[in-house]
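Fold and contact review
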Amino acid sequence: MIGRMLQVVVDAVSVGGLYALTALGIGLIFGVMRLINFAHAQLITIAGYAVLLLFTASPVLAVLGAIIAAALLALVVERTAFRPLRGADPAMLLIASFAVSFFIEKVMIMLVGSRPKGVDFLPALAGQVEVVGIRLQLLQLVTILVSLVLLVGTTWFLKSTRLGLEMRAAAENFRMAEVLGVRANRVIATAFALSGLLAAAVACLFVAQTGLVQPRMGLQLVIIAFVGTVIGGLGSLPGAAFGGFLVGVATILLQALLPPELRVFREAFLFLAVAVVLLVRPQGLIPARGLKERI
Amino acid sequence: MASLTQSRWFPLVALIVIVLALAGLAELAPAVMQRRITQGLINLVAVVGLYVFVGNSGVLSFGNVAFMAIGAYVSALLTMPATAKAVFLPDLPAFLATAEWPAIAGALAGGLAAAIVALVTGFPLMRLSGISASIATFAVLVVFHVVIGNWSSVTGGQNSLMGLPIYVGLWTAAGWAVIAIAVAFLHQESRSGLLLRASREDEAAAAASGVRLVAHRLFAFVVSAFLSGISGVLLVHFLGTARVETFYLDLTFLIIAMLVIGGMHSLTGAVLGAIVITLVAELLRQAEVGVSIGTTTLAAPLGFGDAILALLMLIIILFRPNGIAGGREIAFPKTQPQTRT
Amino acid sequence: MSAPIDPPAGACLVDVQGLVIRYGGVAAVQGVDLRVHESEAVAIIGPNGAGKTSLVSAIAGIVPPAAGTIKRGGMPARGQALSDVVRHGIALVPEGRNIFGGLTVLENLRLGATIRRDPDVLSDIDAVFVDFPILGERRDQPAGQLSGGEQQMLAIARATLSRPRLLILDEPSLGLAPAIVDKVYALLRQIRDRGVALLVVEQNAARAFALADRACVMSRGAFTLTGTPDEIRRQETFDAAYFGVAMSAGPGAA
């Protein structure tokens, strides 16, 4: 009984970690540009396909390839689609983001087809370990570990480096940061590259878990993580991570606790939560401090 | 005649004439072409529906396809022959299982259902501003997609419903297109529409001058949902089947793309977008089907058409954000164009 | 326009000629000439809406001119990115303090020095804490928790950390109690004594006059009087110059 509960907890934390990373990637971009980057889904997808391409060579190469692919795509998207739109009104940014995401997805379908492909990535992690007498999946523990490392790492980067400080300042008041000499292009490019890194990590873990890549794999993750970003508080990075985590945990708990007939409506409940949070506490659960514009 | 061309009713008349002319031309075209144009007219109703809300309030809505789905399924359930329902939906409550309403009643019921859902969901949502409201409409889309897709006893869930009465032909679609254009035009010329548009640019100023923004937005949202619901009805009674997957992200993108490329801020833009993009989509589809050269077929890969559409949309956003119509309504050439702000 | 003043010795840090700034169809600044030299303190005073903020915003690179030229340190401003202005030795303290409320006091200061790569940054920040023990006490607290006066001190100290040759301040006394304004101006005097030029925009003429070598009275987008503070005060037309010719149009007409 305890064992079963612990398994659910580990499951929840592991999924929570994945969604926290995804939500953080979305939140980073929103922070510096007030842009909801729908294309984050494609960053995850392209990382997944990089793994598909390289996993037979070596897992390390696959992970590196995923990171490079996602970061590159992020930078290209920023440079070509979003930079010209800097300062445009939020509705335009939203539409553009939607179009970019759709475009990349369709190009990928053109290149690789729409059928899922099997990937036996990191089979070593498929095994189980015994912890205090309970059997847990190794992959889940690795997921939790990787999520923790990346969250701590990102926090360290933002708090302790000059570039991270500049990013936080730009997120709060872009114009004033520029007046102080913060270079907009560098800060925004860094945010995109970092979000690419996070997307790659999520992709690797997700592919290892599901054994599949398909053109919509990023989309299903991002749509849910997106709920987390909103619930946690748009513009707040701790909020995004926490919100993503909450949502991940909620999906597993809902799965475990809902009666079987209602389980399929899981996502509907989650999205209802978005609407409720937006109404009751539009700034989110952990709102960004000193956020200049109300969203 | 001069007074008509200069009057504010000109755009309405002109657009209706264009639609009817298009249908008239289609009469002379081969059957395949007719079907495409009928599809285009159905798209037109959907785009005009989206425009009523987005164009006037300035708030992007991702949720209109959910209203299409609601309209489609309500009409389907009310008009499907009982025999078909017994096959696909054996668990329907008795009232629905035996209902075989006439087409027009089913259509109106569909539109009304969508409008009611919009009223209920919009009531809290319209208080949100800008991006939050858009995100909330995205939530509406997903929620209804999940609900419709899983409420198997009522909707058939992921399975298609087949055997729907097919009554939407060229002139039915054209008729509804005309109605949609008229409704949209009357709305945007109404006091509510004008007030909404005026406050689009500056919410704070509008609120300060006492405009009850939430009420006007909600009104636009409901009208928009009604028209979107109708377009959903038309779609399923044109295809003869209803499938929940139709009403999700791809269709959302298509309708938004039509509106953005045509021009978000005028009714002419909406109509133009629907017609132009339907044509373009048809050409692109041909490219995917391919051209036979000798014994080989030269064809673009799957997804090509959609990618080009997305590219078009991005180009418009970057270089001509007001779309082809540029925020203006169609005007008789000799006069100054009426600027739709 | 009054008689031109002999420019003081020293490099010309900012050279504005024939500046015109428009917002939509309205000209906020209509043909302004201004030079600021090394180590001098210049005040621009005038009522609300005179165009003072637009003027310094253009000098600081935030707003593009519709006509006229701006040179910073001899180099034309056209094509310079906003984030490069501070690298040319011009630091701006905009109206309303604009500190980063979500970041700590120390982080705000570090941002002031973000363009610098030399090791003296730390000792400069320590010097700030010596001059302002309050800021030192609250170094790790979110800057949003400081009082208005403390935030203003922080904003000014932050701006000095880039080691500017010219410090532009837009309404530094706005919304502050007189005792705090004393401290602010004492700080500005200190900064000026260290050789940094000052360009101060103020509605509060008295304070600015006490500090400045030269002053310009601005009304309806143009300079109506320029000279040393004494010269200006002695002018009978001062009130008219300050409030704009059409005084009968009521307050805030300019």
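Here, every reference points to the structure presented above.
Here's what I pulled together on the structure shown here.

Conventions used here
Residues numbered from 1 in each chain as written. Chains lettered and ligands numbered in written order. Predicted model: local features only at pLDDT ≥ 70, side-chain atom pairs only at ≥ 80, totals over all residues. Contact = placed C-beta atoms within 7 Å. Helix = DSSP H or I, 4+ residues; strand = E, 2+ residues; numbered from the N terminus. Nonpolar A, V, L, I, M, F, W, Y, C, P; charged D, E, K, R; others polar. Buried ≥ 20, exposed ≤ 12 C-beta atoms within 10 Å, placed from the backbone. Arc of directions from axis to C-beta. Pairing = 2+ DSSP bridges. Right-handed = clockwise from strand over helix to strand, strands pointing away.

**Things to note about the interface of chain A and chain B**
The partner chain B presents 32 residues to the 32 residues of chain A that form the contact. Secondary structure elements with two or more residues in the side of chain A that touches chain B: helix H4 (90-112), helix H9 (217-232) and helix H12 (266-280) of chain A. Among the elements that make up the side of chain A that touches chain B, the one with the highest residue count is H4 of chain A (15 residues). Here the residues of the side of chain A that touches chain B are counted per class, giving 29 nonpolar, one polar and two charged.

**A look at the arrangement of the chains**
Contacts between protein chains span two pairs of chains, and they are most numerous for chains A and B. Where chain B comes nearest to chain C, the C-alpha atoms are still 15 Å apart, and the two do not contact one another.

**Details of the interface of chain A and chain C**
Every contact between the two is made by 18 residues of chain A and, on the other side, 21 residues of chain C. Here the side of chain A that touches chain C gets six residues from one element, more than from any other, and that element is helix H6 (residues 162-172) of chain A. For the side of chain A that touches chain C, a count of residues per class yields eight nonpolar, three polar and seven charged.

**A look at helix H11 (residues 191-201) of chain B**
Residue and element names in this part refer to chain B. Buried within H11 are the following residues: Ser-192, Gly-193, Leu-196 and Ser-199. End-on, the buried residues of H11 take up no more than an arc of 135°, which puts them together on one face. Opposite the buried face of H11, at more than 90 degrees from it, the exposed residues are Arg-191 and Glu-201.

**Some points on unusual backbone geometry**
Residues and elements named next belong to chain C. Phi is positive for Ser-39, close to 65°, though the residue is something other than glycine. Inspection of the secondary structure puts Ser-39 in the loop between strand E2 (26-37) and strand E3 (41-45). With 20 C-beta atoms counted inside 10 Å, the residue Ser-39 sits in the buried group. Positive phi, normally seen in glycine, also occurs at Arg-220, with a value near 50°. Looking at the element boundaries, Arg-220 is found in the loop between strand E9 (214-219) and strand E10 (222-227). On the neighbour-count criterion, Arg-220 (20 C-beta atoms within 10 Å) is buried.

**Side note on the environment of Asn-159 of chain B**
Mapped onto the fold, Asn-159 of chain B is located in the loop between helix H9 (152-155) and strand E1 (161-162). Asn-159 of chain B gets classed as partly exposed once you count the C-beta atoms within 10 Å, which come to 14.

**As for the pairing of strand E8 (residues 197-202) of chain C**
All names here are of chain C. The buried fraction of E8 is high, at six of six residues. Alternating residues of E8 divide into Ala-197, Leu-199 and Val-201 and Leu-198, Val-200 and Glu-202, and every residue in both groups is buried. For E3 and E8, the ladder comprises five bridges, and the chain directions are parallel. Considered in E8, the bridge of Ala-43 is made with Val-200. Handedness of the strand E7 (residues 166-170)-helix H7 (residues 178-193)-E8 crossover: right-handed.

**Thoughts on the pairing of E7 of chain C**
Residue and element names in this part refer to chain C. The buried fraction of E7 is high, at five of five residues. What you see with E7 is no split at all: Leu-166, Ile-168 and Asp-170 on one side and Leu-167 and Leu-169 on the other are buried throughout. Sheet topology places strand E6 (residues 90-93) next to E7; four bridges connect them, and they run parallel. Along E7, the bridge assignment pairs Ala-91 with Leu-167. Of the strand pairs in this sheet, E7 and E8 are connected by five bridges, and their pairing is parallel. The partner of Leu-169 across the bridge, within E8, is Val-200.

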